[in-house]
Each structure stands twice: as structure tokens, then as C-alpha cells.
Amino acid sequence: MSAETPAAPGQNDEHYLQVFRRNFRNWRSDRPFWAGLFIVFGGFPIAYFPYANLQLGHLTLAMSTTAGAGSLIIGVLLIVLGISLWFQKHVRTFAGVAAILLALVSLPVSNLGGFLIGFLFALIGGAMAVSWVPGEPAEELVAPESLDTGDQPVDPAAQPVDFGKPADAVGDPNDLSGTSPTNGANGRHSAG
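These lines cover the structure that appears in this document, whether it is placed above or below.

Cut-offs and rules
Residues numbered from 1 in each chain as written. Predicted model: local features only at pLDDT ≥ 70, side-chain atom pairs only at ≥ 80, totals over all residues. Heavy atoms only, no water. Core = buried A, V, L, I, M, F, W, Y, C linked by side-chain atoms within 4.5 Å. Buried < 20%, exposed > 50% of the residue type's maximum accessible area, 1.4 Å probe, protein only. Helix = DSSP H or I, 4+ residues; strand = E, 2+ residues; numbered from the N terminus. Contact = heavy atoms within 4.5 Å. Pairing = 2+ DSSP bridges. Phe/Tyr/Trp six-rings, centres within 6.5 Å; stacked < 30°, edge-to-face > 60°. Polar contact = N/O pair within 3.5 Å; in protein donor to acceptor, adjacent residues only side chain to side chain. Patch = residues over 30% accessible without salt bridge, like charges linked within 9 Å, V, L, I, M, F, W, Y side chains within 5 Å. Areas by Shrake-Rupley, 256 points an atom, 1.4 Å probe, with all protein chains shown as cover. Salt bridge = Lys/Arg side-chain N within 4 Å of Asp/Glu carboxyl O. Expected span 1.5 Å × (residues − 1).

**Things to note about the nonpolar core**
Okay, step 1: Ranked by internal contacts, the top residues of the largest apolar core, which has 15 residues, are Ile39, Ile74, Leu78, Leu81, Leu85, Ala99 and Leu102.
Okay, step 2: Counting residues per element, the ones that place at least two in this core are helix H2 (33-48), helix H3 (68-87), helix H4 (92-109) and helix H6 (117-131).
Okay, step 3: Counting residues per element, this core draws most heavily on H4, at 5 residues.
Okay, step 4: With sequence-adjacent residues up to four places away left out, leucine 81 is seen in contact with Ile39, Phe94, Ala95, Ala98, Ala99 and Leu102.

**Describing the pairing of strand E1 (residues 53-56)**
Okay, step 1: Of the strand pairs in this sheet, E1 and strand E2 (residues 59-62) are connected by 4 bridges, and their pairing is antiparallel. When the bridges of E2 are listed, asparagine 53 appears paired with alanine 62.
Okay, step 2: Hairpin geometry of E1 and E2 is characterised by an intervening segment of 2 residues between the two adjacent antiparallel strands and by a positive phi of about 70 degrees at glycine 57.

**Comments concerning the packing of aromatic side chains**
Here a ring pair, both rings aromatic, is described through the centre-centre distance and the interplanar angle of the planes.
Okay, step 1: What the rule picks out here adds up to 11 aromatic pairs.
Okay, step 2: Feature note: the residues Phe20, Phe24, Trp27, Phe33, Trp34, Trp86 and Phe87 constitute an aromatic cluster, connected by ring pairs.

**Things to note about the side chain of arginine 92**
Okay, step 1: Along the chain, arginine 92 falls in helix H4.
Okay, step 2: Using a relative accessible area of 18% as the deciding quantity, one classes arginine 92 as buried.
Okay, step 3: Among the polar contacts made by the side chain of arginine 92, one reaches the main-chain carbonyl oxygen of valine 130 at a distance of 3.3 Å.
Okay, step 4: Once residues within four sequence positions are removed from consideration, arginine 92 is found in contact with Pro32, Leu85, Ala129, Val130, Trp132 and Pro134.

**A closer look at a nonpolar patch on the surface**
Okay, step 1: Taken together, the side chains of Phe41, Phe44, Phe115, Ile117 and Phe121 define a hydrophobic patch exposed on the protein surface, amounting to about 470 Å² of accessible area.
Okay, step 2: Mapped onto the nonpolar patch, the elements with two or more residues apiece are H2 and H6.
Okay, step 3: With respect to the element layout, phenylalanine 115 can be found in helix H5 (residues 111-115).
Okay, step 4: Using a relative accessible area of 41% as the deciding quantity, one classes phenylalanine 115 as partly exposed.

**What to know about H3**
Turn by turn, an α-helix covers 3.6 residues, leaving residues three or four places apart pointing in a common direction.
Okay, step 1: Taking 1.5 Å of rise per residue, the 20 residues of H3 would be expected to cover 28 Å, and the 29 Å separating its terminal C-alpha atoms lies within 8% of that figure.
Okay, step 2: Turning to H3, its buried residues number three or more, namely Gly68, Ser71, Ile74, Gly75, Leu78, Ile79, Leu81, Gly82, Ser84, Leu85 and Trp86.
Okay, step 3: Tucked inside the fold, the buried residues of H3 contact helix H1 (16-29), H2, H4 and H6.

**Considering the environment of leucine 120**
Okay, step 1: Here leucine 120 shows up in helix H6.
Okay, step 2: Taking C-alpha positions, leucine 120 is 7.8 Å from alanine 103, a pair spaced 17 residues apart along the chain.

**Some points on the side chain of serine 71**
Okay, step 1: Among the structural elements, serine 71 can be located in helix H3.
Okay, step 2: Its relative accessible area of 0% is what places serine 71 among the buried residues.
Okay, step 3: Aside from chain neighbours lying at most four places away, what touches serine 71 is Ile46, Ala47, Pro50, Val109 and Ser110.

If you want it as C-alpha cells, here you go:
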């Protein structure tokens with residue numbers, strides 16, 4: 001038994017909920033997840049309120065309008081746009097603009113956009129979807145293969161600098177003009 005072998009089998013195993021949470025966090029981080037969630041949350045009140053009945057004691061108040069079908073279509077389209085942002089992140093600009101337009105159309109069509117709740121959620125989610133940009137992958141650090149310079153030619157710029165010499169000497173590693181004779185420029189710039 002080595003020092004790296006666990007004392008009991010399964011002792012160092014991660015709990016399946018921790019693994020699921022880490023995998024979900026990785027999945028969520030490379031797509032406009034929160035924009036899609038806001039758009040989905042905006043679609044539910046827009047689709048629901050025109051078909052809901054409010055009970056005040058024995059009095060039933062029907063909030064349905066003549067545009068109930070339009071409200072249902074707008075709500076379902078918002079839900080579909082939000083879900084499509086999760087699984088097809090390349091449609092983020094289209095889905096964001098469409099969500100903003102549907103939110104604006106829901107104001108006159110479906111009880112002020114689901115009593116402004118659905119309107120605000122869809123509007124904010126659409127703006128988040130349009131502004132989302134995929135992150136750039138982190139640059140991997142490349143370790144040098146070897147510190148041994150055995151057969152390689154010696155680069156004068158890689159030599160240690162002697163600070164006892166004056167800084168304006170020609171061919172000095174401190175010469176930053178780029179026109180020294182050691183680099184073959186002969187007083188001309190590389191652009192020509």
C-alpha cells in the first residue's frame with residue numbers, strides 16, 4: 001500500500017451532487033444562461049395573466065382580453081427564445097432582439113406585458129443576450145523545454161548587460177533604436 005492509496009475504498013470520492021454542480025457551472029459559464037432565464041421568466045406571466053381569474057371573496061375577476069391568443073403566442077415564443085439561448089448560443093443576437101421586440105409588443109397586447117413583470121424580465125433578458133460575448137480561452141503557459149543552451153548560437157541580446165558601460169554605445173544591448181549595425185538595419189527602419 002502506498003501513501004497515495006486511500007485507506008478505505010470510496011473515501012476520497014466526490015459526492016454526485018458536487019460533480020453535478022461543477023458540471024452545471026461549466027456548462028452555464030460558456031453560454032448566455034442568465035439572459036435565457038430572464039427571457040423564460042418573462043414569457044410565463046405574459047402567457048398566463050390573460051387566462052387567469054382573480055378571486056376576491058365571491059367575486060371572480062376575469063383578466064382575459066380579446067388578444068388572449070396573441071398573449072399566449074408571445075409568451076410561448078419568449079419561452080422558446082430563452083431555451084434556445086441555452087442550447088444554441090450562436091443565435092444570441094437574434095434571440096435577444098426578438099425578445100426585446102416581443103416584450104414591447106406585449107405591452108398593448110397582453111395586460112401591459114403581464115402587468116409589467118413579464119415585460120421587464122423579457123426586456124432585461126433580451127438586452128443581456130445581445131450584449132453577451134463568449135469568453136476567450138485562457139492562454140496556456142508553455143514551459144521551456146530545456147534551460148541548457150548546448151549547441152545553440154549565442155544571441156547578443158540574451159547576454160547579461162554590463163551596467164558599467166555607457167548606455168549610448170553602438171551595439172550595446174541597451175540600444176533600443178533598432179538601427180544598430182549588429183541587427184543589419186544599417187540606419188534604415190525595417191519598414192523601408
